[in-house]
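# Results of the structural survey
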Amino acid sequence: MYGKQLGKQADTAAYIGKPGFNVLNLPKEEWSMANNDAWVQGGMDRGAPFMPASEPNPSSVFNLSRGELSVFGRELRQLFNGGYDIQGAQQGELLGPGQDWAAASGQ
Amino acid sequence: MGGGVRTMSEGIVSLVDMNERWESYKAEADSAGRHDPYLLEPFPTPLDEALYSVVTGFQSMADSDRRSWPGSIPFSIRDSQILLTYAARMATQVLREGSTSRLTDGLVAHLIEGERDDWRENVIVLTLLFDAARKLGVDPLPIFDHVASLAAGDAAAETLGGFRKRKPEMLTIESMGYRTAMSAQGVRYEPDPAVWRQ
């Protein structure tokens, strides 16, 4: 089972075109936060698993200068708010909906 | 700080000079007296001054040096975040000063950052700069094109050119999760908590 790829664009780019992986691959001029949100929400609505292509750590998830999450951090928060288990999430690990998902899927 | 005087009167800025300016920036970034979130700090701060020196110096480098210099400097994710936050602060200054003189400073900060971390973060702050110019009744595209010419062919320069292709609904600050709000110093761009903390 593969998943939708979250993370910084330089990291998700490696998964573009790979069978089983779904990457939001918009031209820059078509990207917006609203489109990003809709793509993540679409996967959540289907109960799709997500995979962080970037390593979640304080500097990648939070933008201290802005005082807010990074775009990547915001994606993870969106999953958390949708009931996905992101506790201890790591780069390359599948994240699924509900706390029992990982055990049921053998992750 | 810098006022409206641009650095073209400085003459050519050398690599040695630019490295010194970058080191001065790093010292300010590491200063114990600095506070985060930088975005919300009153303008100007010593960090603003140091970055102003970097972005104006960059514009006065010889073309070949300007191409090689960004790749030669020590650079971290924090530097990406600070440079792009500086760009967002310049968008705010465009509104407060009623002048586009800071627009170029913000766009050049984007070029120096060079989309090294996540280009989505760049698109967000570029949209703020675009919006600020339009709120003054100024067409931002010629200014975007001029700054893009400083690093023609680079991905960050192409992103600037791509703004002429964006649909109107993709040029709003709301589509990037931002809003304008009043602070003690006046209007400013800031992340909309309803979007970023939902």
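Here the structure is a predicted model, which is why all the values come from computation and not from measurement. (Residues numbered from 1 in each chain as written. Chains lettered and ligands numbered in written order. Predicted model: local features only at pLDDT ≥ 70, side-chain atom pairs only at ≥ 80, totals over all residues.)

This paragraph deals with the overall build of chain A. When its secondary structure is counted, chain A shows five helices and four strands. Reading chain A from its N terminus to its C terminus gives the helix and strand order β-α-α-β-α-β-β-α-α. Buried residues in chain A amount to 35% of all 107 residues. (Helix = DSSP H or I, 4+ residues; strand = E, 2+ residues; numbered from the N terminus. Buried ≥ 20, exposed ≤ 12 C-beta atoms within 10 Å, placed from the backbone.)

So, on to the overall build of chain B. A tally of regular secondary structure across chain B gives nine helices and two strands. Secondary structure elements of chain B occur, N-terminal to C-terminal, as α-α-α-α-α-α-α-α-β-β-α. Computed over its C-alpha atoms, the radius of gyration of chain B comes to 16 Å, within 12% of the 16 Å expected for a compact globule of 198 residues. For chain B, the C-alpha atoms occupy an extent of roughly 45 × 40 × 30 Å along the three principal directions. When the 198 residues of chain B are sorted by exposure, 45% land in the buried category. Partitioning the contacts of chain B with sequence separation of at least 6, the portion at a separation of at least 24 is 70%. (Rg over C-alpha atoms; globule rule 2.2 N^0.38 Å. Contact = placed C-beta atoms within 7 Å.)

Let us now look at the packing of helix H7 (residues 141–148) of chain B against helix H8 (residues 155–162) of chain B. Residue and element names in this part refer to chain B. Relative orientation of the contacting elements H7 and H8 amounts to 165°, with a least axis distance of 9 Å. On the basis of the axis angle, H7 is roughly antiparallel to H8. Read as a crossing pair, H7 and H8 show a hand that is left-handed. Facing Phe-144, Asp-145, Val-147 and Ala-148 of H7, the residues of H8 in contact are Ala-157, Leu-160 and Gly-161. Its residues placed into classes, the contact of H7 with H8 shows five nonpolar, one polar and one charged. (Axes fitted to C-alpha atoms, helices over the stretch in contact; angles between N-to-C directions. Parallel < 35°, antiparallel > 145°, perpendicular 65-115°, else oblique. Left-handed = near helix turned anticlockwise from the far one by under 90°. Nonpolar A, V, L, I, M, F, W, Y, C, P; charged D, E, K, R; others polar.)

Interface size, as often reported, equals the accessible area lost upon joining of the parts. Listed by partner, the interface residues are 26 residues for chain B and 23 residues for chain A. At the level of secondary structure, the elements contributing two or more residues to the side of chain B that touches chain A comprise helix H4 (77–97), helix H6 (119–135) and H8 of chain B. The element that contributes the greatest number of residues to the side of chain B that touches chain A is H4 of chain B, accounting for five residues. Taken together, the residues of the side of chain B that touches chain A sort by class into twelve nonpolar, six polar and eight charged.

Here we take up the pairing of strand S1 (residues 178–183) of chain B. Residue and element names in this part refer to chain B. Of the strand pairs in this sheet, S1 and strand S2 (residues 186–191) are connected by six bridges, and their pairing is antiparallel. The residue bridging Met-182 from the neighbouring strand is Val-187, located in S2. Linking two consecutive strands that pair antiparallel, namely S1 and S2, is a turn of two residues. (Pairing = 2+ DSSP bridges.)

Turning next to H8 of chain B. All names here are of chain B. Turning to H8, its buried residues are Ala-156, Ala-157, Thr-159 and Leu-160. The arc that holds the buried residues of H8, viewed along the axis, is 155°, so those residues lie on one side. In the core, the buried residues of H8 are packed alongside helix H5 (101–113), H6 and H7. (Arc of directions from axis to C-beta.)

Bringing helix H4 (residues 71–81) of chain A into the picture now. Taken residue by residue, H4 of chain A has Val-71, Phe-72, Arg-74, Glu-75, Leu-76, Gln-78 and Leu-79 of chain A as its buried positions. Following H4 of chain A by one or two positions, Gly-83 of chain A adopts a phi angle in the positive range, close to 95°.

What follows covers the packing of H4 of chain B against H5 of chain B. Residues and elements named next belong to chain B. Contact geometry for H4 and H5: axes closest at 8 Å, N-to-C directions at 165°. With respect to H5, the element H4 is oriented roughly antiparallel. Regarding H4 and H5, the two cross each other, and that crossing is left-handed. Counted together, Ser-80, Leu-83, Leu-84, Tyr-86, Ala-87, Met-90, Ala-91, Gln-93, Val-94 and Glu-97 of H4 and Arg-102, Leu-103, Asp-105, Gly-106, Ala-109, His-110, Ile-112 and Glu-113 of H5 form the full contact between these two elements. Split into classes, the residues belonging to the contact of H4 with H5 amount to ten nonpolar, four polar and four charged.

With that settled, consider the environment of Gly-92 of chain A. All names here are of chain A. With respect to the element layout, Gly-92 can be found in the loop between H4 and helix H5 (101–105). Looking at Gly-92, the number of C-beta atoms within 10 Å reads 10, which means it is exposed. Linking Gly-92 and Met-51, residues 41 residues apart in sequence, is a C-alpha distance of 5.7 Å.

Once that is clear, we can look at the environment of Asn-63 of chain A. Along the polypeptide, Asn-63 of chain A turns up in strand S3 (residues 62–63). Overall, Asn-63 of chain A belongs to the buried group, with 30 C-beta atoms counted inside 10 Å. Through-space distance from the C-alpha of Asn-63 of chain A to that of Leu-79 of chain A is 19 Å; in sequence the pair is 16 residues apart. Setting aside anything within four residues of it in sequence, one finds Asn-63 of chain A in contact with Glu-68, Leu-69 and Ser-70 of chain A together with Gln-81 of chain B.

Next up on the list: the confidence of the model for chain A. Per-residue confidence for chain A averages 86 on the pLDDT scale, and 89% of its residues sit at or above 70. Ranking the elements of chain A by mean pLDDT puts H5 of chain A last with 63 and S3 of chain A first with 96. (pLDDT = per-residue confidence, 0-100.)

Here we come to the nonpolar core. Most often, soluble globular proteins keep nonpolar side chains buried together rather than apart. Ranked by size, the top nonpolar core spans 56 residues in total, and within it Leu-51, Ala-87, Ala-91, Leu-111, Leu-128 and Leu-129 of chain B carry the most contacts. Setting aside its immediate chain neighbours within four residues, Ala-87 of chain B contacts Gly-106, Ala-109, His-110, Val-125 and Leu-129 of chain B. In this structure, Val-71, Leu-76, Tyr-84 and Leu-95 of chain A belong to the second largest nonpolar core, which totals eleven residues. (Core = buried A, V, L, I, M, F, W, Y, C linked by C-beta atoms within 7 Å.)

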